[in-house]
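# Working through the structure, step by step
Listed here are the chains, written in short residue letters.
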Amino acid sequence: MSSSSCAVSPSVRTELLNPISSRFLAPSRIYHQPRSKCEMINRRGFALKGIMASGASVMGSSLTSQPVQAERLPFKPDGYNFWTWRGRKIHYVVQGEGTPIVLIHGFGASAFHWRYNIPELAKNYKVYAVDLLGFGWSEKAIIEYDAMIWRDQVVDFLKEIVKEPAVLVGNSLGGFTALAAAVGLPELVVGLVLLNNAGQFGDTKAKTTKSEETFLQKSILKPLKEIFQRVVLGVLFWQAKQPARIESVLKNVYINTSNVDDYLVESIKMPANDPNAGEVYYRLMTRFMLNQTEYTLESFLSKLTCPLLLLWGDLDPWVGPAKANRIKEFYRNTTVVNLQAGHCPHDEVPELVNKALVEWLSTLPTKASLQTA
């Protein structure tokens, strides 16, 4: 099957410009069947590269699923556990015992987006799900956001909280972050799993030279541009916080919308009500989202050393299967599992994702062999 890259179309750029807005902050109706969900992602691309290793196995089958009632993580308005990182409050969930698995959500989502994966995986593994800085229950810090901020957060989370070799699993922006962290701390990452991850392959024809700003641009045009951006993004953010808008966005990226329920909507809406959420959104849209060209998938994939699994929702309206195919071509030590789902297969078809993930995990070296290696 084909895969698709994480490039963002013009129409998607607007939605990605709203972390918790357009696409991920929009559900008003509520359904209570467990089966589909999709995280917010920037169509634009949060970058991280493909993977290039050796000896890759690829499952050529495309998996489909029937509605299944799965165990779900309870929704706790006050969150689960908190960790102080660089003076900032970071939220995370931890359950189970065994080899560690760290789950990383996508743009606009939170640890709760793994609600159907945590309980099942925790039966045999020690499962962590962490909220990236600025999202979920983690602090809405007023800082200059950059892709490497989240990489550093996950690297330190592995060092300070997990404290042993783990498998990183990420969806969308979380996939980009997981890839960067796997390259940044290879000694503590024994496996990497990407679900419709963000990021772009580099454009070899793109010009990298920057012209120096003129006095007019710096003193007049730049301030006016910022004022205009704040007004427009302020309106977009307000719209994105509305339950109806959240639901609409979620239904746009979930093929089966039965899992778009009250709990999912609330987990996206609640963080957007933080006093600093609007400013964080503005910074993400103007600083982070529009400056991703320096982080390409191939630049990270060329340094990756662990086995890679791609769990790909082939019906994703944002990131199609062509991207998964390209990643596998670049990084040989890759296994691909195609799923009949949208952008967030872990929430839409959790039973298939859990099964494929557990099967792949069984092929990795055991903890004992890793410790003696």
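For the protein chain, the name recorded in an unreviewed UniProt entry is AB hydrolase-1 domain-containing protein, with Hibiscus sabdariffa as its organism.

Within the protein chain, the secondary structure is distributed over 13 helices and nine strands. Out of the 373 residues belonging to the protein chain, those deemed buried represent 56%. Long-range contacts, defined here as pairs at least 24 residues apart, represent 84% of the contacts in the protein chain between residues at least 6 apart. Put simply, the protein chain shows about 15000 Å² of open surface, and 53% of that area lies on carbon and sulfur atoms.

Grouped together as the largest cluster of nonpolar side chains are 72 residues, with contacts concentrated most on Val 102, Leu 133, Trp 150, Leu 158, Leu 168, Leu 192 and Leu 304. By residue number, the principal contributor to this core is helix H3 (residues 147–162), which donates nine residues. Counting 33 residues, the second largest nonpolar core, distinct from the first, contains Ile 101, Leu 121, Ala 341 and Val 353.

Next up on the list: the pattern of salt bridges. By the definition in use, this model includes twelve salt bridges. The closest approach of N and O atoms between Arg 283 and Glu 144, which form a salt bridge, is 2.9 Å. Here Arg 283, found in helix H8 (residues 277–288), pairs with Glu 144, found in the loop between strand E5 (126–130) and H3; they are 139 residues apart in sequence, far enough to count as distant. According to the relative accessible area criterion, Arg 283 is buried, its value standing at 14%. Linked by salt bridges that have partners in common, Arg 72, Arg 115, Asp 261 and Asp 347 make up one network.

All right, on to the packing of aromatic side chains then. Enumeration over the complete set of coordinates arrives at twelve aromatic pairs. Pairing Tyr 128 with Phe 157 gives two aromatic rings, centres 5.7 Å apart and planes at 90°, and the pair type is edge-to-face. Within this pair, whereas Tyr 128 is found in strand E5, its partner Phe 157 is found in helix H3, the two being separated by 29 residues in sequence. On the basis of relative accessible area, Tyr 128 is assigned to the buried category, the value being 3%. Ring-pair connections join several aromatic residues into one group, and the members of that group are Trp 83, Trp 85, Tyr 92, Tyr 128 and Phe 157. The ring of Phe 82 is capped by Lys 89, whose NZ or CZ atom sits 4.3 Å from the centre of that ring.

Next up on the list: the pairing of E5. Most of E5 sits out of view: four of its five residues are buried. Strand direction decides the pairing type here: strand E3 (residues 88–95) and E5, joined by four bridges, are antiparallel. Residue Tyr 92 lies in a different strand from E5, and its bridge partner there is Val 130. Of the strand pairs in this sheet, strand E4 (residues 100–104) and E5 are connected by five bridges, and their pairing is parallel.

Here is what the cut-offs are and how they apply
- Residues numbered from 1 in each chain as written.
- Predicted model: local features only at pLDDT ≥ 70, side-chain atom pairs only at ≥ 80, totals over all residues.
- Heavy atoms only, no water.
- Helix = DSSP H or I, 4+ residues; strand = E, 2+ residues; numbered from the N terminus.
- Buried < 20%, exposed > 50% of the residue type's maximum accessible area, 1.4 Å probe, protein only.
- Contact = heavy atoms within 4.5 Å.
- Areas by Shrake-Rupley, 256 points an atom, 1.4 Å probe, with all protein chains shown as cover.
- Core = buried A, V, L, I, M, F, W, Y, C linked by side-chain atoms within 4.5 Å.
- Salt bridge = Lys/Arg side-chain N within 4 Å of Asp/Glu carboxyl O.
- Phe/Tyr/Trp six-rings, centres within 6.5 Å; stacked < 30°, edge-to-face > 60°.
- Lys NZ or Arg CZ within 6 Å of the ring centre and 35° of its normal.
- Pairing = 2+ DSSP bridges.

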